[in-house]
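Residue strings, one per chain:
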Amino acid sequence: MTAGSATSEAPGIRPAPRRVPLAWLGLLPFLLFSAGFLLLPIAFLVIGSFQTSTGEPTLENYSGLGDPYIVAAFWNSVTVSLISAVGGGIGGFLLAAAVVRGGLPRPLRTGLLTFSGVASNFAGVPLALAFVFTIGNNGLITLILKDVFGVSLKATGFTIYSQLGIALVYLYFQLPLMLLIVAPAIEGLRREWREAAENMGATGRQYWRHIAFPILLPTLLGTTILLFGNAFGAQATAFQLTGGTIPLVPVVIGAQIRGDVLRNQGLGYAMAMGMVLVMGVMILVYVWLRRRSERWLRS
Amino acid sequence: MTAAVTAPRRRRRWGSPWAWLIFLLGVSYFVIPLIATIEFSLRAAYKDPVTGEFIRPSLAAYELVLKDPKFVGGLLTSFRIALITIAVSLLLLVPTAYWVRLKVPRARPVVELITLMPFVIPPVVLVFGLIRIYAPPPLAFLNSTFGTEAVLVGAYVVLSFPYMYRAVDTGLSTIDLRTLTEAAQSLGAGWPRVLWSVIFPNLRGALLSGAFLTLAIVMGEYTIASFMGTKTFGPYLSLLGQNKAYEPAAGSIISFAITWAAMFAIVIIGRANRGRTQPAGAP
Amino acid sequence: MFLSLSGIRKQFGDHVAVHSFDLDAAEGEFVSFLGPSGCGKTTTLRMIAGFELPDAGSIRIAGEEIGRVPANRRNVGMVFQSYALFPNMSVADNIAFGLKMRKVPAAERKARVAELLELIHLPQSGGKYPYELSGGMQQRVALARALAIRPRVLLLDEPLSALDAKIRLSLRQEIRAIQRQLGITTVYVTHDQEEALSLSDRIVVMSQGRIEQIGTPSEIYNAPATEFVARFVGTLNLLPATVTDAASGRVRIAGRELRAASAVEAPSGSSATVALRPEAIVIGDGGSEANRLDGSVSDVTFLGSIVRIRVRVEGVDAVVALDTFNNPHEAPPRIGDHLRLAFPPEALLVLPHAPDAGPVAGDESLAPA
């Protein structure tokens, strides 16, 4: 570089003021709002998880997660979420396939999908109550089984107040969520693919095995993972159902909010962080899988 | 291409038996709990004093619930909070989405990430953080009813982010934003006018859908409301469920009916929207 | 005849998509189905492929009735308008799919795939995925996939409609070259008459579920059997006329007596439509035997190498277009100029009026010698 290149602009001409920062000001309301009601609360939790009760930095909250009670809570949550995710995944896929490709009358499909929109929001207190009324100790099905079939639900060991029971209740919003996401994906299978496959000599089963299912797999997998995260974070339903008798991560956190059951705020924050981590990982995997399948289908 | 109506030989007229089986199983799973709840809600009738058998179904439980001032209070409070949430959400997100599309496309990933965060932050964690910030001084909002409701609205708006923003963004993607704005500006409109008269009307369908979805979410929400001690519908139902026998069933059915009505409205809006003419000028 | 369709009929509810379709195609022949949307050409093609079942009639390949054979056992190869490549498989796997379904061993599959990639000039693309390819490349892969199984008949459903004009041209030629090389009987559906004319050995022109005419490109263009064919293929001038003497081929237009080259189908005294190709008309008196019309220029359009002049014919509510080559040394006529137009008797095509007249095998006197 020669010495004469020090001034690259003609004298007297200033570079135009950068307009980018100014335009970002338009986002200020949104950013402030998000900060106040989303980002800062989370940030405080994060910071709090690294603090002792006197405010000094520490990692002991995280090591405290090894406490057997907390480990049990995580373990229960994982189990419940896994069962309801896999159950919801398989069930939702079968339902979607039945209603989209099974040759059922069209109104059934519309009805089921609309209902799914409702059911996916029906979590929480009313859902828990509804299942108590169904297969609780005095539930309708329990009584029918006893009076009509002579089967005592209690004798089989099944109770709604268990991991399996909670998972069964969770299915009520897991299945619809899977259905709502997977049904359009199945519909997106173009008719020409099936015809091209037939043209190449494939039977219906071969078409599903070699083409339809592989194409759908990322979505199926991804949505199942989404379901896992969905169940992991659910608090209201579980709490209403079990009253806190079965430790689940969100329920323990809820109890912590109410009345410091862990005797250590920081531990509560660490648990919350653990939960966020789990869900964050799930979402990332979901997004990654969706991206991959979208890339294939782009043409 | 010739008519797309096909009748491939392999499809039987009435659908495969497997499909019917799966469908019926699915429907049973969804419907039976509702039936059980309805049945329970009708049990608040008179027992035969001798046999203890229920004599006849009655709507007594519904009567009790509907007459309960706490029910009406809770419902109205939830409704009020929902309306405020929707208004704030719209006022916040529509201009933001518009701004991002028009002026700061590079901010898009950031904004989208923020609007998707509620998926990663479950309500119980969010309320944990909110209490952490707003309970102790200096920001002791949660000490007053007004402050608590304000924080509640804030939380609900955040909860509505994924749905509202997505609805608005999709709606915006169907209209030619830049051209409409420039046309309006060339005719003398300032920013607020552009938003109000040009953008909002074209988004009506998307906004209404988002609004009803938010309504359904807020009406049914329990976690945040209860931890903040607000007297909305969710906590009321929970209280009912802990104290009474038959009224909770009635309450659940009412809650379900409300959600149904909101979803139904969305479907109707969706149908009406499809019939609307496309924005003029699209070739 | 290698591929035979006789009496094929297809109805969807109330709508009859194909009325009664008959075709005999020789082995190795390239036949196009040409017509506007909704004319039944795609439906007929899909019946050959087996995706629709005909309500009546039979389809035979090499004498064998295939009407009842399921689509996945017919051994015909189909190329779709939307390519329909399987997005979850590489190019090589796509091409090999039909072979895999036939349980061809892996080594042989690999060799065949390589062979086909060479044929479509994409030898390095075996590992790519459909979303990485352009439309034209995808369609070539689709063609290779259809050919991999060595089908007896190749079916193409508007394969170029989704592509850019330039790719369309080059791919069109490639398809024809490959077809010639392999000698495979081919049915090609299109609504683009230029495609049909340039590619086919024979063309089936269809309208509203019926065959209007079957003939070579030259027959279709020069001797259209019905008004529809005349209108659909190429640009055509149409004039209303009255047949004065059918036997000698005389008609009257605007008070003038004009002569066709041979006897006319329509009876004397009836009204008919007369068709004239723009390139057959010259300005001036023409030869001694020429027909003549007078009129005034209504429009002159410069199209580059061709100048198209529109002339309002005297005495008749019709505008005739004629094409002359661009001559930089000669100014074209101006609007309002009086012109005399001349054309030989052979250029005068008299078409019967009835739209349901059905296919005519082609006027012998006008067929190329």
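What you see is a predicted model; the values in this text were computed from it and never measured. (Residues numbered from 1 in each chain as written. Chains lettered and ligands numbered in written order. Predicted model: local features only at pLDDT ≥ 70, side-chain atom pairs only at ≥ 80, totals over all residues.)

A.B. asks: Could you give an account of the overall build of chain C, naming the residues involved and the relevant values?
C.D. replies: A tally of helices and strands in chain C yields 8 helices and 20 strands. By principal-axis analysis of the C-alpha atoms, chain C measures approximately 75 × 50 × 40 Å. For chain C, long-range pairs separated by at least 24 residues make up 66% of all intrachain contacts whose partners lie at least 6 apart in sequence. (Helix = DSSP H or I, 4+ residues; strand = E, 2+ residues; numbered from the N terminus. Contact = placed C-beta atoms within 7 Å.)

A.B. asks: Which residues make up the overall build of chain A, and what values go with them?
C.D. replies: Across its full length, chain A holds 13 helices and 0 strands. Order of helices (α) and strands (β) in chain A, N terminus to C terminus: α-α-α-α-α-α-α-α-α-α-α-α-α. Relative to the globule expectation of 19 Å for 299 residues, the C-alpha radius of gyration of chain A, 26 Å, shows a markedly less compact shape. When its C-alpha atoms are laid out on the principal axes, chain A stretches across 100 × 70 × 30 Å. Every one of the 299 residues in chain A was classed for burial, and the buried ones make up 46%. (Rg over C-alpha atoms; globule rule 2.2 N^0.38 Å. Buried ≥ 20, exposed ≤ 12 C-beta atoms within 10 Å, placed from the backbone.)

A.B. asks: Lay out the confidence of the model for chain C with the relevant residues and their values.
C.D. replies: All names here are of chain C. Per-residue pLDDT for chain C has a mean of 87; in total, 95% of the residues score no lower than 70. Across residues 355–369, confidence stays below pLDDT 50; counting only partners more than four residues off in sequence or on other chains, it has 23 contacts. The complex prediction reports pTM at 0.78, with the ipTM value standing at 0.82. (pLDDT = per-residue confidence, 0-100.)

A.B. asks: Outline the interface of chain C and chain A, supporting the account with residue identities and numerical values.
C.D. replies: With 21 residues of chain C in contact, the opposing surface of chain A contributes 20 residues. When residues of the side of chain C that touches chain A are traced back to their parent elements, those giving at least two are strand E6 (76–79) and helix H2 (91–101) of chain C. Counting residues per element, the side of chain C that touches chain A draws most heavily on H2(C), which supplies 3 residues. For the side of chain C that touches chain A, the per-class residue count stands at 14 nonpolar, 5 polar and 2 charged. (Nonpolar A, V, L, I, M, F, W, Y, C, P; charged D, E, K, R; others polar.)

A.B. asks: Outline the sheet that holds strand E5 (residues 64–65) of chain C, supporting the account with residue identities and numerical values.
C.D. replies: Residue and element names in this part refer to chain C. An order of E2-E1-E4-E5 is seen for the 4 strands of this open sheet, with the pairing classed as antiparallel. Looking along the sheet, the strands with just one partner apiece sit at the ends: strand E2 (15–25) and E5. Summarising the sheet, strand E1 (residues 3–12) and strand E4 (residues 56–61) pair through 5 bridges and their orientation is antiparallel. Counted as the bridge partner of Ser-6 is Ser-58 from E4. (Pairing = 2+ DSSP bridges.)

A.B. asks: Lay out unusual backbone geometry with the relevant residues and their values.
C.D. replies: Of note, C:Asn75 is a non-glycine position whose phi angle comes to about 60°, a positive value. Exposure remark for C:Asn75: the 17 C-beta atoms within 10 Å place this residue in the partly exposed category.

A.B. asks: Account for the environment of A:Lys154, with residues named and values stated.
C.D. replies: With respect to the helices and strands, A:Lys154 occurs in the loop between helix H7 (140–147) and helix H8 (163–187). In this structure, the C-alpha to C-alpha distance between A:Lys154 and A:Leu297, residues 143 residues apart in sequence, is 50 Å.

A.B. asks: For the packing of helix H3 (residues 69–102) of chain B against helix H9 (residues 204–220) of chain B, give the residues involved together with the corresponding values.
C.D. replies: Residue and element names in this part refer to chain B. Across the interface, H3 lies against H9 with an axial gap of 9 Å and an inter-helix angle of 140°. Taken as axis vectors, H3 and H9 run oblique relative to one another. Helix-helix and strand crossings are classified by hand; for H3 and H9 the assignment is right-handed. Residues Ser-78, Ile-81, Ala-82, Thr-85, Ile-86, Ser-89 and Leu-90 of H3 pack against Leu-207, Ala-211, Thr-214, Leu-215, Val-218 and Met-219 of H9. (Axes fitted to C-alpha atoms, helices over the stretch in contact; angles between N-to-C directions. Parallel < 35°, antiparallel > 145°, perpendicular 65-115°, else oblique. Left-handed = near helix turned anticlockwise from the far one by under 90°.)

A.B. asks: Before we move on, could you go through helix H4 (residues 135–148) of chain C and cite the residues and values that matter?
C.D. replies: All names here are of chain C. With 14 residues, H4 should reach 20 Å at 1.5 Å per residue; the first-to-last C-alpha distance of 20 Å fits that figure. When you tally the buried positions in H4, you get 12 out of 14 residues, the bulk of the element. Among the residues of H4, those classed as buried are Met-137, Gln-138, Gln-139, Arg-140, Val-141, Ala-142, Leu-143, Ala-144, Arg-145, Ala-146, Leu-147 and Ala-148. Considering only its buried residues, H4 is in contact with E6, H2, helix H3 (106–119), strand E7 (153–157) and helix H5 (165–182). Just past H4, the residue Arg-150 takes up positive phi, approximately 50°. (Expected span 1.5 Å × (residues − 1).)

A.B. asks: Go over the sheet that holds strand E13 (residues 256–259) of chain C with me, naming the residues and quoting the values.
C.D. replies: All names here are of chain C. Overall, antiparallel pairing links the 5 strands, which are arranged E13-E12-E11-E14-E20 in an open sheet. Each of the sheet's edge strands pairs with one partner strand only, and the pair in question is E13 and strand E20 (349–351). Adjacent strand axes in the sheet meet at a mean angle of 45°, parallel and antiparallel pairs treated alike. As paired strands, strand E11 (residues 237–245) and strand E14 (residues 271–276) are joined by 6 bridges and run antiparallel to one another. Within the sheet, the bridge partner assigned to Leu-238 lies in E14 and is Ala-275.

A.B. asks: Please give an account of the interface of chain B and chain A that cites residues and values.
C.D. replies: The interface is formed by 66 residues belonging to chain B together with 58 residues belonging to chain A. Ranked by the residues each element gives to the side of chain B that touches chain A, the list is headed by helix H1 (residues 17–41) of chain B, at 14 residues. Along the lines of polarity and charge, the residues of the side of chain B that touches chain A split into 45 nonpolar, 15 polar and 6 charged.

A.B. asks: Help me get a handle on the domain arrangement of chain C, residues and values and all.
C.D. replies: Its domain assignment divides chain C into domain 1 (3–222) and domain 2 (235–354). Just the C-alpha atoms count here: the centres of domain 1 of chain C and domain 2 of chain C sit 40 Å apart. (Domains from an automatic or database assignment.)

A.B. asks: Requested: an account of the pairing of E1(C), with residues and values cited.
C.D. replies: For a regular strand, side-chain orientation follows a simple rule: the groups alternate between the two sheet faces. All names here are of chain C. Note: E1 against E2, 7 bridges, orientation antiparallel. What sits directly across from Leu-5, in E2, is Leu-23. In textbook terms, the turn of a hairpin is the stretch between consecutive antiparallel strands, and for E1 and E2 this stretch comprises 2 residues, one of which, Gly-13, has a positive phi near 65°.

A.B. asks: Now, about the confidence of the model for chain A: what can you tell me, with residues and values included?
C.D. replies: Chain-level statistics for chain A give a pLDDT mean of 84 and a share of 93% at 70 or above. Looking at the elements of chain A, mean pLDDT is at its lowest for helix H1 (residues 20–24) of chain A, recorded as 72, and at its highest for helix H9 (residues 191–199) of chain A, recorded as 93.

A.B. asks: Now, about the packing of H3(B) against helix H6 (residues 145–173) of chain B: what can you tell me, with residues and values included?
C.D. replies: Geometrically, a packed helix pair is captured by the angle between its two axes and the distance between the axes. Residue and element names in this part refer to chain B. Their axes nearest at 7 Å, the elements H3 and H6 cross at an angle of 45°. When the axis of H3 is compared with that of H6, the two are oblique. Relative to H6, H3 is oriented so that their crossing is right-handed. Residue-level inspection shows Ile-81, Ile-84, Thr-85, Val-88, Ser-89, Leu-92, Leu-93, Val-94, Ala-97, Tyr-98 and Arg-101 of H3 in contact with H6, the latter providing Glu-149, Leu-152, Val-153, Tyr-156, Val-157, Ser-160, Met-164, Tyr-165, Val-168, Asp-169 and Leu-172.

A.B. asks: Tell me about the environment of B:Gly15, and please be specific about residues and values.
C.D. replies: Mapped onto the fold, B:Gly15 is located in the segment before H1. Assessed through the 18 C-beta atoms surrounding it within 10 Å, B:Gly15 is described here as partly exposed. Expressed as a C-alpha distance, the spacing of B:Gly15 and B:Pro118, which sit 103 residues apart in the sequence, is 40 Å. Apart from the residues lying within four places of it in its own chain, the contact partners of B:Gly15 are A:Gly102, A:Gly103, A:Leu104 and B:Trp20.

A.B. asks: Give a description of helix H8 (residues 191–202) of chain B that names residues and reports values.
C.D. replies: Residue and element names in this part refer to chain B. Between its first and last C-alpha, H8 extends 16 Å over 12 residues, near the 16 Å set by a 1.5 Å rise per residue. When H8 is considered as a whole, its buried residues turn out to be Val-194, Val-198 and Ile-199. Seen from one end, H8 has its buried residues packed into an arc of 85°, which puts them on one side. What points out from H8, more than 90 degrees from its buried face, is the exposed set Pro-192, Trp-196, Ser-197 and Pro-201. (Arc of directions from axis to C-beta.)

A.B. asks: Lay out the nonpolar core in plain terms, naming residues and giving numbers.
C.D. replies: B:Ala155, B:Val168 and C:Leu155 are the most contacted members of the largest nonpolar core, which totals 271 residues. When residues of this core are assigned to their parent elements, the largest contribution, 15 residues, is made by H8(A). Setting aside residues up to four positions removed in sequence, B:Ala155 forms contacts with A:Phe37, B:Leu126, B:Val127, B:Leu130 and B:Ile224. (Core = buried A, V, L, I, M, F, W, Y, C linked by C-beta atoms within 7 Å.)

A.B. asks: Any chance you could break down the pairing of E14(C) for me, citing the residues and the numbers?
C.D. replies: Across 3 bridges, the pairing between E14(C) and E20(C) is antiparallel. By the bridge assignment for E20(C), C:Val274 is matched with C:Val350.

A.B. asks: Please set out the environment of B:Phe212 residue by residue, giving values where relevant.
C.D. replies: Residue and element names in this part refer to chain B. Considering the arrangement of structural elements, one finds Phe-212 in helix H9. Overall, Phe-212 belongs to the buried group, with 22 C-beta atoms counted inside 10 Å. For the pair Phe-212 and Ala-82, spaced 130 residues apart in sequence, the C-alpha separation works out to 9.6 Å. Those residues in contact with Phe-212 that lie beyond four places of it in its chain are Ala-262, Ala-265 and Ile-266.

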